[in-house]
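# Structural features, examined
Below are the chains, spelled out letter by letter.
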Amino acid sequence: MNAILTIARLTWIEARRRRIVLAALICGVLFLAVFGTAIYFIPPRNLDGPNPLMARAQLQVLMLAGFYVVNFLVVAFAVMLPVDAVSGEIASGVMQTLASKPVRRVDILLGKWLVFWLMLAGYLLFMVGGLVGLMWFLKGFLMRNPFPAVGLMQLEASVLLSITIAGGVRFSTVTNGIVAFGFYALAFIGGWIEQIGVMVGNAASRYIGTAISLVSPGDALSRLAMHGLTPSVLSQVQANPFTSLSVPSMAMVWWSVAYIVAVLALATRGFQRRAL
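The structure displayed is predicted, hence computed values, not measured ones.

Conventions used here
Numbering of residues begins from 1 in every chain and follows the order in which that chain's sequence is written. Owing to the predicted nature of the model, reporting of local features is limited to residues with pLDDT of at least 70; listing and counting of side-chain atom pairs is limited to 80 or more, with chain, interface and lining totals taken over all residues. Processing note: side-chain calculations cover all non-hydrogen atoms of the structure and skip hydrogens and water entirely. We count a stretch as a helix when DSSP gives it H or I for four or more residues in a row; a strand needs E for two or more, and each element gets its number in order from the N terminus. Per-residue accessibility, obtained with a 1.4 Å probe over protein chains only, is compared with the maximum for each type, and a residue is labelled buried under 20%, exposed over 50%, and partly exposed between these values. Every residue pair with non-hydrogen atoms within 4.5 Å of one another is taken to be in contact. Only the protein chains shown count as cover for residues, and the accessible areas themselves come from Shrake-Rupley with a 1.4 Å probe. Joining through side-chain atoms within 4.5 Å is the link that ties buried Ala, Val, Leu, Ile, Met, Phe, Trp, Tyr and Cys residues into a set, and such a set is a nonpolar core. Between 30 and 60 degrees the pair is tilted, below 30 it is stacked and above 60 it is edge-to-face, where a pair is any two Phe, Tyr or Trp rings, Trp via its six-membered ring, whose centres lie within 6.5 Å. Every angle, taken between N-to-C directions, lies between 0 and 180 degrees, and every axis is a line fitted to C-alpha atoms, over only the stretch in contact when it is a helix. Orientation labels follow simple angle bins: below 35 degrees gives roughly parallel, above 145 gives roughly antiparallel, 65 to 115 gives roughly perpendicular, and whatever is left gives oblique. Note on convention: near helix rotated counterclockwise from far helix by under a right angle means a left-handed crossing. Clockwise means right-handed. Three classes are used: nonpolar for Ala, Val, Leu, Ile, Met, Phe, Trp, Tyr, Cys and Pro, charged for Asp, Glu, Lys and Arg, and polar for all others, with Gly counted as polar. A pairing counts as a salt bridge when a side-chain nitrogen of Lys or Arg comes within 4 Å of a carboxyl oxygen of Asp or Glu. Values of pLDDT, which run from 0 to 100, indicate the predictor's confidence residue by residue. By definition here, a helix of n residues has an expected span of 1.5 Å times n minus one.

When you go through the chain residue by residue, the secondary structure sums to 12 helices and 0 strands. Along the chain, helices (α) and strands (β) appear in the sequence α-α-α-α-α-α-α-α-α-α-α-α when read from the amino end. Looking at the chain as a whole, 47% of its 276 residues qualify as buried. The long-range share in the chain, meaning contacts at least 24 apart out of those at least 6 apart in sequence, stands at 81%. For the chain, the exposed area adds up to about 13,900 Å²; of that, 71% sits on carbon and sulfur atoms.

Written out as structure tokens, the structure is:
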């Protein structure tokens, strides 16, 4: 355990040195500034107007849009943060130095994964807190229990984080980034195929989309999170862009947890066998 914490501390120092966290925070603050400006000028100005139900529905849609963007930022951060954490250190020779110490290679990967996971969790909480705080301060609207959705978004980021860590064991930095974003794109396409299959009543398309979600479950977790944030009234409105016609079950959550464990196990095995 001490070895894992040591690697985590070194990884945190390296991440600060490369200013990855600073860049992500700047992008997040800029988005929150744009979001705050938009909700300030877009009516309704408050919930005390002649039609409070319509006002709440409009504010809820704005919040869903904000969560959608935050989810994308966290996913991008989950890929870019660790994209060269393994491959870059192997190429530079730093990994050879670490591996020559009395530190197991599994501890190296787990230490890096742990600190990146904590950084993603902190970033997600910062962004969600900014969204909820701005909406409450400017409009007096407080979203109902966003924490289950936040947990699902963190799980989605953990899937991409694990894939990127595993890719760094085998691929160069650029190739690893392409592969990681390719997995995200695959999940996104699979989700659309499943939605279209449900819309047109095509069982084959629905099953294909579900199978793709099993290979890359990120989009399924995102849809489940957005479904949890969407009130039942808005869920019945087909024009709502955040409505999912096929809502993943909780089985997908457990599958994603097992998926992360399996990916990390494969990464550890490959890293132990790789010649440095």
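On to the nonpolar core. Met63, Phe67 and Val70 are the most contacted members of the largest nonpolar core, which has 69 residues in total. At the level of elements, helix H1 (2-17), helix H2 (20-41), helix H3 (52-80), helix H6 (105-139), helix H7 (147-170), helix H8 (173-200), helix H10 (218-229) and helix H12 (250-273) are the ones that each hand at least two residues to this core. With 14 residues, H6 is the largest single contributor of residues to this core. Filtering out sequence-adjacent residues up to four positions away, Val70 remains in contact with Phe31, Leu124, Met127, Val128, Leu131 and Met153.

Moving on to the packing of aromatic side chains. Considering all chains together, one arrives at 5 aromatic pairs under this definition. Between Phe31 and Phe35 the ring centres are 6.0 Å apart and the planes differ by 35°, which places this aromatic pair in the tilted class. With Phe31 and Phe35 both in helix H2 and 4 residues apart, the pair spans about one turn of that helix. The same class applies to Phe31 as to Phe35, namely buried.

Where H8 contacts helix H9 (residues 203-215), the axes come no closer than 7 Å and their chain directions differ by 155°. In terms of orientation, H8 lies roughly antiparallel with respect to H9. Crossing handedness for the pair H8 and H9: left-handed. Across the interface between the two elements, Phe183, Leu186, Gly190, Ile193, Glu194, Gly197 and Val198 from H8 touch Ser205, Arg206, Ile208, Gly209, Thr210, Ile212, Ser213 and Val215 from H9. Its residues placed into classes, the contact of H8 with H9 shows 7 nonpolar, 6 polar and 2 charged.

The next point concerns the pattern of salt bridges. Inspection of the entire model under this criterion finds 2 salt bridges. Glu194 is paired through a salt bridge with Arg223; the nearest N and O atoms lie 3.2 Å apart. With Glu194 in helix H8 and Arg223 in helix H10, the pair connects residues that are 29 residues apart, well separated along the chain. The exposure class of Glu194 is buried, given its relative accessible area of 6%. In this structure, the salt-bridge partner of Asp219 is Arg223, at a minimum N-O distance of 2.9 Å. Taken together, the residues Asp219 and Arg223, both in helix H10 and 4 residues apart, mark about one turn of the helix. A relative accessible area of 11% places Asp219 in the buried class. Note on Arg223: relative accessible area 11%, which makes it buried. A cluster of three or more residues bridged by salt bridges with shared partners is formed by Glu194, Asp219 and Arg223.

Okay, the packing of H6 against H12 next. Between H6 and H12, the least distance of the axes is 9 Å, while the angle of their chain directions is 135°. Relative to H12, the element H6 lies oblique. In this structure, the crossing between H6 and H12 has a hand that is right-handed. Of the residues in H12, those touching H6 at Arg105, Val106, Ile108, Leu109 and Trp113 are Ile260, Leu264, Ala267, Thr268, Phe271 and Gln272. Of the residues assigned to the contact of H6 with H12, the class counts are 8 nonpolar, 2 polar and 1 charged.

Another point: the confidence of the model for the chain. It should be kept in mind that the predicted coordinates are not to be read in detail where pLDDT is low. Taken as a whole, the chain shows an average pLDDT of 83; of its residues, 88% reach a score of 70 or greater. Here helix H11 (residues 232-235) is the element of the chain with the lowest mean pLDDT, 59, and H7 is the one with the highest, 93.

Turning to H7, a few remarks are in order. Because an α-helix packs 3.6 residues into every turn, residues spaced three or four apart end up facing the same way. Over its 24 residues, H7 runs 35 Å from end to end, which matches the ideal 34 Å to within 8%, given 1.5 Å per residue. Among the 24 residues of H7, 20 are classified as buried, and the element is accordingly described as predominantly covered.

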